Amino acid sequence: MFEVDGVVHELRFDAPLTALAGETRSGKSTVLEVIWWVLGVDGARLMTAAAACSRVGFVACIGESRWRITRSTVDRAEDVVFTHGTLGTEERHPVKRSESRRSAADAFQDLLGIPRLGTGRTRVTLDLLVPWFYARQRDLPNDYLGRQSKEQRIAVGRVLLGADDEAIDALRQEAGAKKKKWRRASNHVKKILRDREERELPSVEDLQRRAAQWTAQHKETSLKARQAGAALSRQHAELAALQEKVSVAEEAQRAARTAADERERTARHLEAAAAEARGRLAGLREAATDPSLCPQCARALDLTGLSEDDCPVCRRFDPERQQRAEQFQLRMSQAQLAAEQSREGARRASRAADDARGRASDADRAVVEASAAARAFAQDVIAPQQQVVLEAEAAVRELTARLEQNVEHLRELAELAELRELLPQLEKDKETAETAYAAARHDTDLMVKQGTDRWSHHVLRRMRACDPEITTVSISPDDFSVTINGSAFDARAVAGHGMTRTNVSVLLALRDTASEVPAMPVPQFLIVDGPFTGLGSSPEDRRTAAALLDGLTDLATSKDRSSGTGGQVIIACTELHGTPGPSVREIRTSFADGVIPGLPPRQATTA
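Basis of the calculations
- Residues numbered from 1 in each chain as written.
- Predicted model: local features only at pLDDT ≥ 70, side-chain atom pairs only at ≥ 80, totals over all residues.
- Heavy atoms only, no water.
- Helix = DSSP H or I, 4+ residues; strand = E, 2+ residues; numbered from the N terminus.
- Rg over C-alpha atoms; globule rule 2.2 N^0.38 Å.
- Buried < 20%, exposed > 50% of the residue type's maximum accessible area, 1.4 Å probe, protein only.
- Contact = heavy atoms within 4.5 Å.
- Areas by Shrake-Rupley, 256 points an atom, 1.4 Å probe, with all protein chains shown as cover.
- Lys, Arg positive; Asp, Glu negative; His and termini not counted.
- Charge placed at Lys NZ, Arg CZ, Asp CG, Glu CD.
- Core = buried A, V, L, I, M, F, W, Y, C linked by side-chain atoms within 4.5 Å.
- Salt bridge = Lys/Arg side-chain N within 4 Å of Asp/Glu carboxyl O.
- Pairing = 2+ DSSP bridges.
- Axes fitted to C-alpha atoms, helices over the stretch in contact; angles between N-to-C directions.
- Phe/Tyr/Trp six-rings, centres within 6.5 Å; stacked < 30°, edge-to-face > 60°.
- Lys NZ or Arg CZ within 6 Å of the ring centre and 35° of its normal.
- Expected span 1.5 Å × (residues − 1).
- Polar contact = N/O pair within 3.5 Å; in protein donor to acceptor, adjacent residues only side chain to side chain.

Colleague: What is the right way to read the overall build of the protein chain from this model?
Modeller: Within the protein chain, the regular secondary structure consists of ten helices and 14 strands. For a compact globule of 607 residues, the expected C-alpha radius of gyration is about 25 Å, and the protein chain comes in at 57 Å, more than 25% above that figure. Viewed in the frame of its principal axes, the protein chain has a C-alpha envelope of about 180 × 85 × 50 Å. Buried positions account for 40% of the 607 residues belonging to the protein chain. Within the protein chain, contacts between residues at least 6 apart in sequence are counted, and of these 66% link residues at least 24 apart. For the protein chain, the exposed surface amounts to about 33600 Å²; the carbon and sulfur share of it is 51%. With 86 positive and 90 negative side-chain charges, the protein chain shows a separation of 1 Å between the mean positions of the two kinds.

Structural data, given as structure tokens:
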């Protein structure tokens, strides 16, 4: 089923054998891969044409129920939907299994009734079963059973032959668990003994004596460490007080320096004012020089015949000369007084600045002394005490490590004694479980031998129909490999259609055997992509093609003995070889139209 633009299109495989036939790249393999991609099988690919659909799926008739199984190609992490054909109920299963949910592949395998046995990479899941149900075109002419490893082939083959079931698997797992438990205990005992020998560890009595001695030392050293720590705490408090004194002295130092700077600025200002007053006084004094001298050349003036009101320079009468002289004398007196006051103020400011500088020096000295005291205390008192604390704590840690190691050695000895006591019982349990599994395995090995004998007989019959020169074929009960005419048959010995017909014959013969042994959980369906690959038009190739088509048709038309339902075979090929019977339906395909309905035609490309 393919959903395109909201419309569901069906490709009906309603004949016992449906053959998709047509040219290469028409989408035959795409359709077959879709079936397994829907279930999330590892290695299954969603090819381009199928990815163009919004949802793909298929209908499977399993037993008396029909299931419609679909998956979204848009959100590929979306759950796979299982819809019951009669009840209409839905189940949703994730693509990948989790601890709480089965995957879609697991759910499908459970519907087929094939148990999921084993663990790890050989656990029989649908991923390992697919090569036994679906023969890919790329594997058929090159690899036996889809290049499955020997271990995986053994695990799947024993399940499909009905030899291994839940009871056998439980015995196997129990035997494995008991053996692992015994081996783990035995190896641990050996490791403990080896370690004690390599490290020359003492006896229990010595360990106990050491524990008592080191415990007492640990107690005493811990007390010393606590006392040293308390002393260090007190000394840190004293150091903090000294550092506080340093801070106070530094604050006083800053204040003294600020005051000294202010006094010096004041002294400089007053000194400048005094200098200015002295300058004014000097100017006045210069102006008051001897009036009998010329102000220009300083030579003596001739004052003969001049009164006090005459100018000695120009010798003219000056009625205000006397008045100006008195005013000048007054200004001289005032300037003299101002100069003396400024000089006295400057002297006082200078003395205050000297005093402030002295106080600043005292503050500097106090800071130096406080800092030196704090450093000396930290160096002479704190540092030695810190060393005492470190040594005491190191001694405590060393004794603690010794005690922990001693306790570990005592625990190992106790564990050693316990394991030595348990080992005989563990070994007995292991042997009992292995015996039970061996007995059950012996019975199932007989079933495998009988099943592979039947399987070999049917493979020989199928192979002889293709090639009469084949006289002996055997399926190994050990690893289910194929031997033809006495030679092991694999990809290195024979390739091409010889491998293809062997793979197809082995798969057909397995279903022949299952029709005779109802206990074998092998579904009567088979999908083969390219069963006629490599065949030509020679008489031998035509005989092989006819035999293969007859064998596939025979499987498709066979009835299950218990349910009476028929089989189902789907093949894909370029041309349908042989003579198809009424049970065969051929669906022709082409590159342009494609096998998937609902998609637009494709345009052929040219080089």
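Next, the rest of the story.
Colleague: For this particular structure, what's the right way to read the nonpolar core?
Modeller: Soluble globular proteins tend to pack their nonpolar side chains together in the buried interior. Core analysis: the largest hydrophobic core is formed by 97 residues, its most contacted members being Trp36, Phe108 and Trp455. Non-local contacts of Trp36, meaning those with residues more than four positions away in its chain, are made with Val41, Ala44, Val130, Phe133, Tyr134, Phe525 and Ile527.

Colleague: Help me understand the pattern of salt bridges in this model?
Modeller: Following the criterion strictly, the structure yields 42 salt bridges and no others. One salt bridge in this structure joins Arg209 and Asp206, with 2.1 Å as the shortest N-O distance. Placement of both Arg209 and Asp206 in helix H7 (residues 204-287) is noted, with a separation of three residues, approximately one turn of the helix. What makes Asp206 partly exposed here is its relative accessible area of 26%. The partner of Glu408 in a salt bridge is Arg411, with the nearest N and O atoms 2.5 Å apart. Taken together, the positions of Glu408 and Arg411, both in helix H8 (residues 321-466) and three residues apart, correspond to about one turn of that helix.

Colleague: It is not clear to me how the sheet that holds strand S10 (residues 482-484) should be interpreted in this structure. Could you clarify?
Modeller: In a beta sheet, neighbouring strands are held together by backbone hydrogen bonds and run either parallel or antiparallel to one another. Strand order in the open sheet formed by three strands is S9-S10-S11, with antiparallel pairing between adjacent strands. Among the strands making up the open sheet, the edge pair consists of strand S9 (473-475) and strand S11 (487-488). Of the pairings in the sheet, the one linking S9 to S10 comprises three bridges and is antiparallel in character. If you follow Ile475 over to S10, its bridge partner there is Val482.

Colleague: I'm lost on the sheet that holds strand S8 (residues 134-135) in this one. Help?
Modeller: Sheet architecture is open: five strands sit in the order S8-S12-S13-S3-S14, paired in parallel fashion. Every interior strand has two partners, whereas the edge strands, S8 and strand S14 (584-589), have only one. Where S8 meets strand S12 (residues 525-529), two bridges bridge the pair, whose relative direction is parallel. Each residue of the ladder has a partner; that of Ala135, found in S12, is Val528. Contacting S8 and S12, helix H9 (residues 497-516) crosses the sheet at an angle of about 175° to S12. Across the sheet, helix H10 (residues 539-557) is in contact with strand S3 (17-22), S12, strand S13 (568-573) and S14; its angle to S13 comes to roughly 150°.

Colleague: Looking at this structure, how should I read the packing of aromatic side chains?
Modeller: Here the distance between the centres and the angle between the planes together describe a pair of aromatic rings. Tallying each qualifying case throughout the model produces six aromatic pairs. On the numbers, 5.3 Å between centres and 50° between planes, the contact of Phe133 with Phe525 is tilted. A residue pair is termed long-range when its members are at least 10 positions apart, and Phe133 in helix H4 (residues 126-133) and Phe525 in strand S12 qualify at 392 residues. Across the pair, exposure class does not vary: Phe133 and Phe525 are buried alike. Here a set of aromatic residues connected by ring pairs shows up, and it is made of Trp132, Trp455 and Phe480. In this arrangement the basic side chain of Arg71 is found over the ring face of Trp37, its NZ or CZ atom lying 3.7 Å from the centre. Positioned over the ring face of Trp182 is Lys430, at 4.7 Å from the centre of the ring.

Colleague: What am I meant to see in the pairing of S12 here?
Modeller: Regular strands place their side chains on alternate faces of the sheet. The buried fraction of S12 is high, at five of five residues. Side chains Phe525, Ile527 and Asp529 of S12 all project onto a buried face; the interleaved residues Leu526 and Val528 project onto the opposite face, where all are buried too. Inspection of the sheet shows S12 paired to S13 by five bridges, in the parallel sense. Bridging from a neighbouring strand, Val528 pairs with Ile571 of S13.

Colleague: Honestly, H9 in this entry has me stumped. Any pointers?
Modeller: For the α-helix, the turn length of 3.6 residues means that residues three or four positions removed from each other point alike. The terminal C-alpha atoms of H9 lie 29 Å apart, and with 20 residues this matches the ideal 28 Å at 1.5 Å per residue to within 8%. Buried residues dominate H9, accounting for 18 of its 20 residues.

Colleague: Sorry, what's going on with the environment of Asp164 here?
Modeller: Turning to its location among the elements, Asp164 is positioned in the loop between helix H5 (150-160) and helix H6 (166-199). A residue is classified by how much of its surface remains accessible, and Asp164, at 16% relative accessible area, is buried. The spatial distance from the C-alpha of Asp164 to the C-alpha of Gly578 is 39 Å, given a sequence separation of 414 residues. In terms of polar contacts, Asp164 uses its side chain to reach the side chain of Arg158, at 3.2 Å.

Colleague: Honestly, the side chain of His93 in this entry has me stumped. Any pointers?
Modeller: Along the chain, His93 falls in strand S7 (residues 90-93). Here Glu91 takes part through its side chain, which lies 3.0 Å from a polar atom of the side chain of His93. Every residue in contact with His93, bar those within four places of it in the chain, is listed here: Asp79, Val80, Phe82, Arg101, Arg102, Ser103, Ala104 and Ala107.

Colleague: Just to check I follow, could you spell out H6 for this structure?
Modeller: For H6, which comprises 34 residues, the first-to-last C-alpha distance of 48 Å matches the rise-based estimate of 50 Å (1.5 Å per residue) to within 8%. Of the residues flanking the end of H6, it is Glu200, one or two places downstream, whose phi is positive at about 50°.

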